[in-house]
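# Coordinate analysis (summary)
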Amino acid sequence: MSRPILLVGDLHLGRRPAGLDGVLRELGLAPRELSAVVAWEATVQWAIRREVRAVILAGDVVEGMRDRFEAFTHLARGAQRLAGAGISLLAVAGNHDVEVLPRLAERLAKVRLVGAGGRWEIVPVPGRDDEPPVDLLGWSFPAATVRDDPTKDPSFEEALSRRREGARLIGVVHGDLDAPGSRYAPLSRHRLEQAPVDAWFLGHIHAPGTLEGPRRLGYLGSVGALDPGETGVHGPWELELDTGLTLRQIPLSPVRFENVELELADDAPVNADTLLDTLARRIREQLAPSVEVTAGAPRLLAVRLTLTGRPHGRRAVDEIVRLEPVERLFPGDDPPLVITRVTDRTRPAIDLEELAAAPTPAGELARILRALENGPPVELLEEAKRAIAPWKDSGWTGEAIPPPPETVELLRAAARRALQAVLDSRGEEESS
């Protein structure tokens, strides 16, 4: 039985997730403990534990030149550990590490840079005599900006002509798939699929692809999630070539980001602390099937929460929205959970249509909220334009351009709070 190959997407050594410092202090963790360095260390540890045949890096190993000294230390240490376990380390350069990775490879004998200088290259993946032959086809960025499809370079066909007979061939390249005109090596899916390559593994986009289908072709994704937009599973991929081609993603990211939407019922808790505990329990229940703790990861589960429904406990919702992330931290479970942001899309537990018909302040607020709920508030903007028209230096251009969704959501939340306050003060709805 042959050993698996470990495929590693964008590492970005030198980066760590931002905006979590207060939460980390509360947990007694250093910022480094959620960084790309930790993702790399976990990857090396996994590779040694699994006795893989080789580790292949798909570019953007290093965030940039200013991170080269830190990166060199950690890359060298990992390469040394892998070499000591008989594991080869091969890499292609991406747009972020176009300068620093070749320099590091020159200084680290244990790192093999493939396709240096923008010329395609085929190299054998070292293995035991009883393992099937595997070749790696790779290309590295020659400059930070590459506007031409790398597969159109003559070296592509030249490299393919040197493929070993009987060897499996896997391609690893950093670039922009299906993005003509991109500055970051635009890759044609058609040209990749037409090449006599068993599978293509790409770097550059941080969201992992499904990597399914008869011809495996897609992004490996970032090994460690680097910002709240990088939701879901992140980690390296194990490639098995014994029978066909089998892939398995290993969740090794030190932080797991998720977006969760929960609907609040009419009987939702009206106490903020009780409601927050209920929300944390429901988040864990919803994510439990997909969050796997592997080799100590994740160390933190960070969730952006959206609330919907028509709860009576408006004040509790408002209070939760205004809390700082560290006040929405639940450290007791494994992994700890923090709700980094709460978006309130709930609606008042009232009949807006009926209330909007009333000639009262509450009715006026209900009419405004109804307009906001029905879409971009163009009419409201027109009213605002007329109201500020006497002030010539207002800077208003006269165009009723709908604001971005985030602004509309802020307006909706403000209108809901104002309406609830008026209703509470008049006794038109039972105070929460």
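Rules of the game
Residues numbered from 1 in each chain as written. Predicted model: local features only at pLDDT ≥ 70, side-chain atom pairs only at ≥ 80, totals over all residues. Heavy atoms only, no water. Helix = DSSP H or I, 4+ residues; strand = E, 2+ residues; numbered from the N terminus. Buried < 20%, exposed > 50% of the residue type's maximum accessible area, 1.4 Å probe, protein only. Areas by Shrake-Rupley, 256 points an atom, 1.4 Å probe, with all protein chains shown as cover. pLDDT = per-residue confidence, 0-100. Contact = heavy atoms within 4.5 Å. Salt bridge = Lys/Arg side-chain N within 4 Å of Asp/Glu carboxyl O. Pairing = 2+ DSSP bridges. Axes fitted to C-alpha atoms, helices over the stretch in contact; angles between N-to-C directions. Phe/Tyr/Trp six-rings, centres within 6.5 Å; stacked < 30°, edge-to-face > 60°. Core = buried A, V, L, I, M, F, W, Y, C linked by side-chain atoms within 4.5 Å. Polar contact = N/O pair within 3.5 Å; in protein donor to acceptor, adjacent residues only side chain to side chain. Parallel < 35°, antiparallel > 145°, perpendicular 65-115°, else oblique. Left-handed = near helix turned anticlockwise from the far one by under 90°. Nonpolar A, V, L, I, M, F, W, Y, C, P; charged D, E, K, R; others polar. Patch = residues over 30% accessible without salt bridge, like charges linked within 9 Å, V, L, I, M, F, W, Y side chains within 5 Å. Lys, Arg positive; Asp, Glu negative; His and termini not counted. Charge placed at Lys NZ, Arg CZ, Asp CG, Glu CD. Arc of directions from axis to C-beta.

### Considering the overall build of the protein
Secondary structure assignment for the protein yields twelve helices and 17 strands. With the C-alpha coordinates aligned to their principal axes, the bounding extent of the protein is approximately 85 × 50 × 40 Å. In the protein, buried positions account for 52% of the 432 residues. When the accessible surface of the protein is summed, it comes to about 20,100 Å², and 49% of that surface belongs to carbon and sulfur atoms.

### Some words on the confidence of the model for the protein
When pLDDT drops low, the exact placement of atoms in the prediction is not to be read closely. Considering every residue of the protein, the mean pLDDT works out to 87; 90% of them sit at 70 or more. Overall, residues 428-432 carries pLDDT values under 50, and its contacts beyond four positions in sequence, including any with other chains, amount to 17 contacts.

### Considerations on the pattern of salt bridges
Applying the stated criterion to the full structure yields 21 salt bridges. A salt bridge links Glu-158 to Arg-119; the nearest nitrogen and oxygen atoms lie 3.1 Å apart. Taken together, the positions of Glu-158 in helix 5 (residues 154-160) and Arg-119 in the loop between strand 4 (111-113) and strand 5 (121-124) put the pair 39 residues apart, joining distant regions of the chain. A salt bridge links Glu-258 to Arg-256; the shortest N-O distance between them is 2.8 Å. Salt bridges sharing common partners tie together Arg-3, Arg-53, Arg-128, Asp-130 and Glu-131.

### Notes on the sheet that holds strand 17 (residues 337-344)
An order of 14-15-17-16 is seen for the four strands of this open sheet, with the pairing classed as mixed. The open sheet terminates on both sides in strands that have one partner only, identified here as strand 14 (255-264) and strand 16 (329-330). Bridge count between strand 14 and strand 15 (residues 300-309): ten bridges; the pairing is parallel. Looking at the pairing, Leu-264 lines up with Gly-309 of strand 15. Running over the sheet, helix 7 (residues 272-287) touches strand 14, strand 15, strand 16 and strand 17 and is turned about 115 degrees from strand 14. Where helix 8 (residues 314-322) meets the sheet, it contacts strand 14, strand 15 and strand 17, and its direction lies at approximately 120 degrees from that of strand 17.

### Focus on the packing of aromatic side chains
Working definition: an aromatic ring pair is given by the centre-to-centre distance plus the angle between the planes. For the structure shown, the criterion picks out five aromatic pairs. Between the aromatic rings of Trp-120 and Trp-200, the centroid separation amounts to 5.9 Å while the plane-to-plane angle is 85 degrees, which identifies the pairing as edge-to-face. Remark: Trp-200 occurs in strand 10 (residues 199-203) and Trp-120 occurs in the loop between strand 4 and strand 5; sequence separation between them is 80 residues. In this structure Trp-120 comes out as buried when scored by relative accessible area, which is 3%. The buried category is assigned to Trp-200, whose relative accessible area is 0%.

### As for the nonpolar core
Membership of the largest hydrophobic core comes to 37 residues, with the highest contact counts inside it found for Trp-40, Val-55, Leu-57, Val-61, Leu-75, Leu-82 and Leu-89. When residues of this core are assigned to their parent elements, the largest contribution, eight residues, is made by helix 2 (residues 36-50). When near neighbours in sequence (up to four residues on either side) are disregarded, Val-55 contacts Leu-6, Val-8, Ala-47, Leu-82, Ile-87, Ser-88, Leu-89 and Leu-90.

### Brief notes about the environment of Arg-328
Within the secondary structure, Arg-328 sits in the loop between helix 8 and strand 16. Note on Arg-328: relative accessible area 2%, which makes it buried. Setting aside residues up to four positions removed in sequence, Arg-328 forms contacts with Leu-276, Ile-320, Val-321, Leu-323, Leu-337, Val-338, Ile-339, Thr-340, Arg-341 and Val-342. There is a polar contact of 3.5 Å between the side chain of Arg-328 and the backbone oxygen of Val-321.

### Describing unusual backbone geometry
Note the cis peptide between Asp-334 and Pro-335, where omega equals 0 degrees. Residue position: Pro-335 is located in the loop between strand 16 and strand 17. Of note in the backbone geometry, Asp-178 takes a positive phi value of approximately 55 degrees without being a glycine. Its location among the elements puts Asp-178 in the loop between strand 8 (176-177) and strand 9 (186-187). Its relative accessible area of 44% is what places Asp-178 among the partly exposed residues.

### Concerning the packing of helix 3 (residues 68-84) against helix 4 (residues 100-107)
Look at helix 3 against helix 4: their axes get within 11 Å of each other, and the N-to-C directions meet at 40 degrees. As summarised for this structure, helix 3 and helix 4 are arranged oblique, according to the angle between their axes. Considering only the axes of helix 3 and helix 4, their crossing is right-handed. Residues Arg-68, Phe-72 and Leu-75 of helix 3 pack against Val-100, Leu-101, Leu-104 and Arg-107 of helix 4. Counted by class, the contact of helix 3 with helix 4 contains five nonpolar, no polar and two charged residues.

### As for a negative patch on the surface
Together, Asp-273, Asp-277, Glu-319, Glu-324 and Glu-327 make up a negatively charged patch on the protein surface. Counting through the fold element by element, Glu-327 comes out in the loop between helix 8 and strand 16.

### Notes on helix 4
Here helix 4 has its buried residues at Val-100, Leu-101, Leu-104 and Ala-105. Buried residues in helix 4, looked at end-on, bunch into an arc of 135 degrees, giving them a common side. In helix 4, those exposed residues whose orientation departs by more than 90 degrees from the buried face are Glu-106 and Arg-107. Elements in contact with the buried residues of helix 4: helix 3, strand 3 (88-91) and strand 4.

### A look at the side chain of Asp-97
Within the element layout of this structure, Asp-97 appears in the loop between strand 3 and helix 4. Despite its burial, Asp-97 pairs with no opposite charge, the nearest such side chain being Arg-103 at 12 Å. Residues contacting Asp-97, with those up to four places away along its chain left out, are Gly-59, Asp-60, Val-61, Val-62 and Pro-102.

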